[in-house]
Amino acid sequence: MRGTETLADLPPIRARRILQLALKCWPFIRPMFKHLLLLLGNAALVSLALLALGLLGTDLFNNKILVGDKLQPLQAQLLFVDESFVLGDIADNVNEREVLTESQRKTVRTRAMIWAAGLLVVVAPLVGGLVYYNIWIWQMINQNLRVAMIAKAEHLSLKYHSQSRVGDAIFRIYQDSATITSLVQETFVGPAAALYNIVLALAFLCFFEPRIALAAVFAMVPMILAAAWATRLLRERALANRVAFSNLTSRLQEIMIALRVVKANKGEGRVLERFDKDSHRALDAAFSLRMTIAVLEVAVTAIAALVTIGAEYVIVYWVLGERETFLGAAAVTVIGFAVWNLGAFEDARERLGGALFGATGLVGAWARLQDLFIGLERAFYLLDLEADIVDPDHPAPFPEPLESVTWQNVHFAYDPALPVLQGVDLVARSGTITAIVGGSGAGKSTLVSLLLRLYDPDRGRVLINDTDLRRLRVDDIREGVAIALQRNVLFAGTVADNIGYAARRPKRADIEAAARVASADGFIRELANGYDTELGERGGKLSSGQRQRLSLARAIVRNTPILILDEPTAALDAETEVEVMRNLRGWGRDKVVFLITHRVSTIRNADQIVFLEQGRPVEVGDHESLRLADGRYRSFVDAAVGESIRV
Amino acid sequence: MSEGAAAETANVVDRFVGEHHHDDRIDVDTEISSAQATRLLWRCLKLLGCAKSLFAAKFALQVGTLCFQLLTPWIAKIVIDNVILQKPIGATDVPYPPFMQPIVAFLDGMTPLEIMFALAMGYLAGLILIGMRAGEVSVGLFGSSFTGQDETAAAENKISGAYSESGGLWGLAEYAVGVRLSQRLANELRTRLFQRLTRLPMAVLAEKRTGDSLYRVLYDTASIPWAALDPTLTLGTAILTGAANMVLIGYSYEATAPQLVWLAWAVLPLVFAVTFPASNIMRRINQTKRSAGSATTNAMEETVASIDAVQSLGGMRAEAEKFASRSLESYFRERVAFVVGLLLFIGAAVAVVAIGLWVVIIVTDGIIEGRMSPGDFGVLFGMFFGIVFVPIEIGSFWLNLQTKLAPARRIFFFIDYESDDDHTGTALARITQGVDIEHVDYAYPDGRTALADVSLAMRLGETIAIVGPSGAGKTTLGCLIPGFLTPTRGRVLIDGQDLATLDIDAVRSHVAYVFQEQSLLAESIRENLLLANSDATERQMLDALELAGCMPFVREMPDGIDTPLGLSGNTLSVGQQQRLCIARGLVRDTRILILDEPTSALDPETEKALFDAMDRIAEGRLLIVIAHRLSTIRRADRIAFLDDGVLVETGTHDELMQRDAGAYRRFVELQSRDAGP
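Note that this is a predicted model, so its numbers are computed, not measured. (Residues numbered from 1 in each chain as written. Chains lettered and ligands numbered in written order. Predicted model: local features only at pLDDT ≥ 70, side-chain atom pairs only at ≥ 80, totals over all residues. Heavy atoms only, no water.)

Can you explain the overall build of chain B? Please cite residues and give values.
When helices and strands are tallied, chain B shows 23 helices and 12 strands. The burial tally for chain B puts 59% of its 677 residues in the buried class. (Helix = DSSP H or I, 4+ residues; strand = E, 2+ residues; numbered from the N terminus. Buried < 20%, exposed > 50% of the residue type's maximum accessible area, 1.4 Å probe, protein only.)

Could you give me a rundown of the overall build of chain A, with the residues and numbers involved?
Along its length, chain A carries 20 helices and 12 strands. Sequence-distant contacts, at least 24 apart, represent 75% of the contacts inside chain A between residues at least 6 apart. Summed over all atoms, the accessible surface of chain A reaches about 25700 Å², with 59% contributed by carbon and sulfur. (Contact = heavy atoms within 4.5 Å. Areas by Shrake-Rupley, 256 points an atom, 1.4 Å probe, with all protein chains shown as cover.)

Run through the confidence of the model for chain B, naming residues and quoting values.
Residue and element names in this part refer to chain B. Here chain B averages 80 in pLDDT, while 83% of its residues score no lower than 70. Element-level pLDDT for chain B is lowest in helix 1 (residues 6-17), with a mean of 40, against a maximum mean of 94 in helix 5 (residues 112-130). Across residues 1-29, confidence stays below pLDDT 50; counting only partners more than four residues off in sequence or on other chains, it has 50 contacts. Our summary of model confidence lists the complex with pTM equal to 0.76 and ipTM equal to 0.79. (pLDDT = per-residue confidence, 0-100.)

So what's going on with the pattern of salt bridges? Which residues, and what values?
Residues and elements named next belong to chain A. Scanning the model with the defined rule gives 45 salt bridges over all chains in all. Of the charged contacts in the structure, one is a salt bridge between Arg-525 and Asp-521, with a shortest N-O distance of 3.1 Å. Of this pair, Arg-525 and Asp-521 both sit in helix 15 (residues 521-526), 4 residues apart, which is roughly one turn of that helix. Relative accessible area serves as the criterion here: at 46%, Arg-525 is assigned to the partly exposed category. (Salt bridge = Lys/Arg side-chain N within 4 Å of Asp/Glu carboxyl O.)

Which residues make up the packing of helix 7 (residues 210-257) of chain A against helix 7 (residues 168-198) of chain B, and what values do they have?
A pair of packed helices is captured by two measures, namely the crossing angle of their axes and the spacing between those axes. Remark: helix 7 of chain A packs on helix 7 of chain B, axes separated minimally by 11 Å, with the N-to-C direction vectors making an angle of 25°. Between helix 7 of chain A and helix 7 of chain B, the angle falls in the class roughly parallel. The hand of the helix 7 of chain A/helix 7 of chain B crossing is left-handed. Within the contact between the two elements, helix 7 of chain A uses Leu-248, Leu-252, Ile-255 and Met-256 of chain A and helix 7 of chain B uses Arg-190, Phe-194 and Leu-197 of chain B. (Axes fitted to C-alpha atoms, helices over the stretch in contact; angles between N-to-C directions. Parallel < 35°, antiparallel > 145°, perpendicular 65-115°, else oblique. Left-handed = near helix turned anticlockwise from the far one by under 90°.)

Give a detailed account of the sheet that holds strand 12 (residues 646-651) of chain B, specifying residues and quantitative values.
Residues and elements named next belong to chain B. The sheet built from 6 strands is open, its strands ordered 8-9-10-5-11-12 with mixed pairing. The open sheet has two edge strands, strand 8 (511-514) and strand 12, and neither has a second partner. Pairs of neighbouring strands in the sheet enclose a mean axial angle of 15°, with direction left out of account. Summarising the sheet, strand 5 (residues 463-467) and strand 11 (residues 638-643) pair through 4 bridges and their orientation is parallel. Across the sheet, the residue bridging to Ile-466 is Ala-640, located in strand 11. (Pairing = 2+ DSSP bridges.)

Residues and numbers for the packing of helix 3 (residues 52-84) of chain B against helix 5 of chain B, please.
Residues and elements named next belong to chain B. Following both chains from N to C, one finds helix 3 and helix 5 inclined at 160°, their axes separated by 10 Å at the closest point. Relative to helix 5, the element helix 3 lies roughly antiparallel. Every pair of crossing elements has a handedness; the one defined by helix 3 and helix 5 is left-handed. Each of Phe-68, Ile-75, Ile-78, Val-79, Asn-82 and Val-83 in helix 3 lies in contact with helix 5, whose residues at this interface are Pro-112, Ile-115, Met-116, Leu-119, Tyr-123, Leu-129 and Ile-130. Per-class residue counts for the contact of helix 3 with helix 5 are 12 nonpolar, 1 polar and no charged. (Nonpolar A, V, L, I, M, F, W, Y, C, P; charged D, E, K, R; others polar.)

Residue-level account of the pairing of strand 1 (residues 404-415) of chain A, with values.
Residues and elements named next belong to chain A. As defined by bridge partners, strand 1 adjoins strand 2 (residues 418-429) across 9 bridges and the pair is classed as antiparallel. Considered in strand 2, the bridge of Thr-406 is made with Val-427. Pairing of strand 1 with strand 4 (residues 459-464), which is carried by 5 bridges, proceeds in the antiparallel orientation. Across the sheet, Gln-408 pairs through a bridge with Arg-461, a residue of strand 4.

Explain the environment of Lys-507 of chain A to me, using residue names and the numbers behind them.
Turning to its location among the elements, Lys-507 of chain A is positioned in the loop between helix 13 (495-500) and helix 14 (508-517). C-alpha separation for the pair Lys-507 of chain A and Val-46 of chain A, spaced 461 residues apart in sequence, amounts to 57 Å.

Can you tell me about the sheet that holds strand 10 (residues 592-596) of chain A, naming the residues and giving the values?
Residue and element names in this part refer to chain A. The mixed open sheet is built from 6 strands, whose spatial order is 6-9-10-3-11-12. This sheet does not close on itself; its edge strands, each paired only once, are strand 6 (481-484) and strand 12 (616-621). Taking the axes of each pair of neighbouring strands and ignoring which way they run, one obtains an average angle of 20° across the sheet. Judged from the 4 bridges that link them, strand 6 and strand 9 (residues 562-566) form a sheet pairing that is parallel. Each residue of the ladder has a partner; that of Ala-482, found in strand 9, is Leu-563. Sitting on the sheet, helix 16 (residues 544-556) is in contact with strand 6 and strand 9, with an inclination near 180° to strand 6.

Give me the lowdown on the environment of Val-511 of chain B, citing residues and values where you can.
Its place among the elements puts Val-511 of chain B in strand 8. Sequence separation of Val-511 of chain B and Leu-593 of chain B is 82 residues, and the distance between their C-alpha atoms is 5.8 Å. Residues in contact with Val-511 of chain B, not counting those within four places in the same chain, are Ala-264 of chain A together with Pro-482, Arg-588, Thr-590, Ile-592 and Ile-594 of chain B.

A description of helix 16 (residues 525-532) of chain B should follow, citing residues and the corresponding values.
Of all 8 residues that make up helix 16 of chain B, 7 are buried, and the element is covered over most of its length. When we look at burial in helix 16 of chain B, the residues that qualify are Ile-525, Arg-526, Asn-528, Leu-529, Leu-530, Leu-531 and Ala-532 of chain B.

Provide a residue-level description of the side chain of Thr-563 of chain B, including the pertinent values.
Residues and elements named next belong to chain B. As for its position among the elements, Thr-563 is in the loop between helix 18 (551-556) and helix 19 (574-586). Within the local environment of Thr-563, its side chain forms a polar contact with the backbone oxygen of Gly-560, the two atoms lying 2.7 Å apart. Other than its neighbours up to four places away in sequence, Thr-563 contacts Glu-523, Ser-524, Ile-525, Met-557 and Pro-558. (Polar contact = N/O pair within 3.5 Å; in protein donor to acceptor, adjacent residues only side chain to side chain.)

Pulling in residues and values, what's your account of the pairing of strand 11 (residues 608-613) of chain A?
Residue and element names in this part refer to chain A. With 5 of 6 residues buried, strand 11 lies mostly within the body of the structure. Where strand 3 (residues 433-438) and strand 11 come together, 5 bridges link them in parallel fashion. Note on strand 11: the bridge partner recorded for Ala-435 is Ile-609. Taken together, the 5 bridges between strand 11 and strand 12 define a ladder with antiparallel strand orientation. Counted as the bridge partner of Val-610 is Val-620 from strand 12. Connecting the antiparallel pair strand 11 and strand 12 is a turn made up of 2 residues, with Gln-614 showing a positive phi of about 50°.

Could you give me a rundown of a nonpolar patch on the surface, with the residues and numbers involved?
All names here are of chain A. Taken together, the side chains of Leu-50, Leu-53, Leu-74, Leu-78, Trp-115, Leu-119, Leu-126, Val-127 and Val-131 make up a nonpolar region of the molecular surface, amounting to roughly 680 Å² of accessible area. Of all the elements in the fold, those that place two or more residues in the nonpolar patch are helix 2 (33-67), helix 3 (73-78) and helix 4 (102-155). Element by element, the count of residues in the nonpolar patch is highest for helix 4, at 5 residues. Among the structural elements, Leu-74 can be located in helix 3. Residue class for Leu-74 comes out partly exposed when judged on its relative accessible area of 37%. (Patch = residues over 30% accessible without salt bridge, like charges linked within 9 Å, V, L, I, M, F, W, Y side chains within 5 Å.)

Could you give an account of the packing of aromatic side chains, naming the residues involved and the relevant values?
Note on aromatic pairs: each is described by the distance of the centres and the angle between the planes. All chains considered together, the criterion is met by 24 aromatic pairs over all chains. Measuring from ring centre to ring centre gives 6.4 Å for Phe-384 of chain B and Phe-385 of chain B, while their planes differ by 80°; the resulting arrangement is edge-to-face. Taken together, the aromatic side chains of Phe-61 of chain A together with Phe-377, Phe-381, Phe-384 and Phe-385 of chain B make up a single cluster linked through ring pairs. One Lys or Arg, Lys-591 of chain A, reaches over the ring of Trp-587 of chain A and ends 5.1 Å from the middle of that ring. Taking NZ or CZ as reference, Arg-133 of chain B lies 4.8 Å from the ring centre of Tyr-123 of chain B, over its face. (Phe/Tyr/Trp six-rings, centres within 6.5 Å; stacked < 30°, edge-to-face > 60°. Lys NZ or Arg CZ within 6 Å of the ring centre and 35° of its normal.)

Any chance you could break down the state of the cysteines for me, citing the residues and the numbers?
All names here are of chain B. Summed over all chains, the structure comprises 0 disulfides over all chains. Here Cys-44 stays unpaired: no disulfide links it, and the sulfur of Cys-50, its closest cysteine neighbor, is 12 Å away. Its relative accessible area of 0% is what places Cys-44 among the buried residues. We note that Cys-550 lacks a disulfide partner, and the nearest cysteine sulfur, in Cys-581, lies 8.9 Å from it. Accessibility expressed as a relative area gives 0% for Cys-550, which makes it buried. (Disulfide = S-S within 2.5 Å.)

Encoded structure:
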């Protein structure tokens, strides 16, 4: 991540990219789409109804209750009051000011309040329900996305994971899936809803006076210009912010995981200094991004406010002149807005604010979207990830019973410039143990990675019996192969959970049997809660030898036809090693077992020893014959044990 | 929610409010006692000391905003009464507050349109200065929290979160000061915590999971600025607002609507009575919600961090399912929190609305009966809610207090934790003799004994091999020397001085410890070496790399010593990583060098080359090697054989091999049997 994104290569925003994003996200949105439509339809109706009710309410409250104008005929019917409340000549409320009496005003007030309370009881749960519905829909979309991402990331070959940092990977999947969801929400749904509300507000304004609506539309032009002008700056700063933050995060996490080493090397001062620098850089980046958005928002809201103040002055002028409104006369049976008055002033002002501040809201959303757009390319990165290892369309079944595992002229390189395997031919038969031996970097671990199909060979084939691995399903292969890694990973959970981690519904007896093969049963029973002892933070401290035996048991419990042990004895003392190897030999009668190891004491137990050098098997045979051959293996053994030991 | 049998309902209710710990590694206690909360709060408040001037500036700007806000409703009243309804100024019994008098006096006698013009001009000035009619400044990034964000991103948002209720120039200034203020607080705490974390005793750091949780703890600091600012800035301003409105209501409306004044007072305890129980319920709901969220993050971090193990064991589907179900659970909790919050809000709203309706009746009565004018409605209603707002604000502060203090507790836990900084004493300039371990016992915190009565003298110039079966206490013994662990009984002497009386940093500057598991930072090789010795010269680095047998592969790397390594160095083979770690230990050039299983992943030939070089390194130094391998052990001047925490035998290889029934001899026989033809 660091160093790959610079300010120079700002990803361009093109409408096509956004549409592509929508398309890519479509599979995750599709299951929720009908809900989304239903939600939006309902939301649109509710806001329309609320605006219409608002119009009526403003008239009733301001003009009738506060000022004392007489009611429109329909209003009287709604409030169940008699003719004396109603304007005599509804067409002419300009010259004759008929007014309600004090007690009439109180009656209107009380009944209007009962209506308001009643509506509140109906509308509040409706709105609450819609909000809940909205939350649920977007959560489910994000859930679909997240789960797909996780599954994908897990199926990706180790190539990807070896190139990036864990911190960054976490940042990507977890946050970016939320970002993608937000992006879809804010790019498509948010603006659509905002536009709908702006149009609605403008339509209501036209009811009062189209020229005010027109002024509002004109005011949006400088707003859009300001937003366009600020866009590049925003994007630069959003990118800088994300880069700085991501650097801080990943470096921090790494240091925290490696704290022991930092301490052992007395590097505390150095990492603190760097942390402080990273932290300040991230904070400064966050500050400048936020200030840019703040300035833009202040500028566009100032435009909105300016138009509002001007429009208010004009409306006041019209109110004082009792000028007729544009369409008020047409609705005079319902609403008393035939001429400009207090209620009309209040409502028109509100609608104008709705249109203008709706537009400033859109500008604000645009500014925030720049930050999301920076994440857009990252989002694509996530959405575009394809596992390098794909299942065949018509997979063959996993061969049973297992007879042999064969590498045929296998070539492989992680980096084309540095070949790792250069023509490996090797057969391992059922019921045998094959030790793969060689110097560091000779390609031992890579050889078995190919068997797991973590990678595919660049050239040549890996066969199980006579079936090419590429004809099998990845899941079937991994179902048939168990591996104990050199790095002894413990998962949170009990000892039994850890051993049974990869097995399908393991029985306690199987777990204990596997532990016995791995010589782990003894020490496990001595733990505070035996097999139910929690590992991880509070699980006491297992020695590395004990962890190794747990890893071994974890591979053994799966009882797969192929077992790979990567340095299975590196952390074991001599006695335990002997015991483990003896157990393993007894257990693996109908299986193919591979050992990758340096330890001569372990190697000599193998039926077949493959000595790898520079990606080629230079010597193959058993311990005795290779020793006698007096070649590479011999000198390896001599170096290991030392020439002078004669007991 | 209400459907189904009673038992099921109980079950559902239990799910809603039950105290489930989805992952008890985070937030083991869900409740923070009041005493604890007070203490934590006080410590958060003390943090403000580091940003006094920013805090003062923000507070002053906020009070300024409040003053402007008090002006606004009165101007709106003039627009309604004296412009639109064309009443003469001063026609009603409601007196304007003193600060309005100059404005009213200025407007008195103007025609309505002239008044409006003057007000519009005032609005324009106000717009530029304080964003009058334009609204507040507040910038939030990222999407809604309901769809989930990772904790660090949310933290970033919180750290730089600020607001101003003003707009315009004033609002921008207030916003900028606000962002800097919370950033300053967060950074101060974050740096302090980071420093403390790096100074934690080694025993605490033994587990790998600890790294992840420490990392999270560091992001908890984001909550602290607001834990300190809410009770001071936010509540302070809210109370000032409430008080100002209370005074103004009394001043202007005592005569016309005396009921309103006492209603305003009565509403305070009433809203308190409604909000407090509600906050308590919400606090518990939120606690469950948060732990569900952490469980999701946990599930994912664990999967990603161990991706190689997961993949090779075929655990992908199970992991994905685990993640999916935890994620669903956390979403469910989010929605429960929303619904409960909504219901409580409705409950509170009903109370407030009921009072609000009463206020409407009183005010409209006043207007209809002519004691007040229509413009008073807006003023009064605004004031009334300015007052009701105070208990609501306090209630929500109370509600969120726990959310904010839970991280504070984790942070201060680590800040208070025993630290290496507590071990100060005489600084040791250099080591001239060696190390004596005298009758040392060591027991793990869980009580298991790791070492029992171990005594061992080691001199500079010696190479000591510590040998024994796994779990014998070899690493524990090694860790005693640089003070990574403190003996539970007995003493460790360096040059005859008790380690407990020495300055721990000074001691460690003379000891290099190379750990069993390799841990490289994802930086360049050079950076990794400089971490250990920031004064190392190019020559020293190359020498160390050469000695550790790294040069063959370092030379092949694209940028040599400046090549960046991937995560935890995993672009290298384990053997290569191990050699680099050894080089890192060597580059420090210390008197004491401890290698803990340094060669377990090396092939014998590399190992031999390394140890041939070691003979050279060992000159004038104390070299301690913890090992299983015979070839390594044999070269030592002295071998200390440990079994089950007890030092069974010491001596040279030959001496120990003489003992017929010796533990060491048996150990050697088991290994070398394999070498025989």
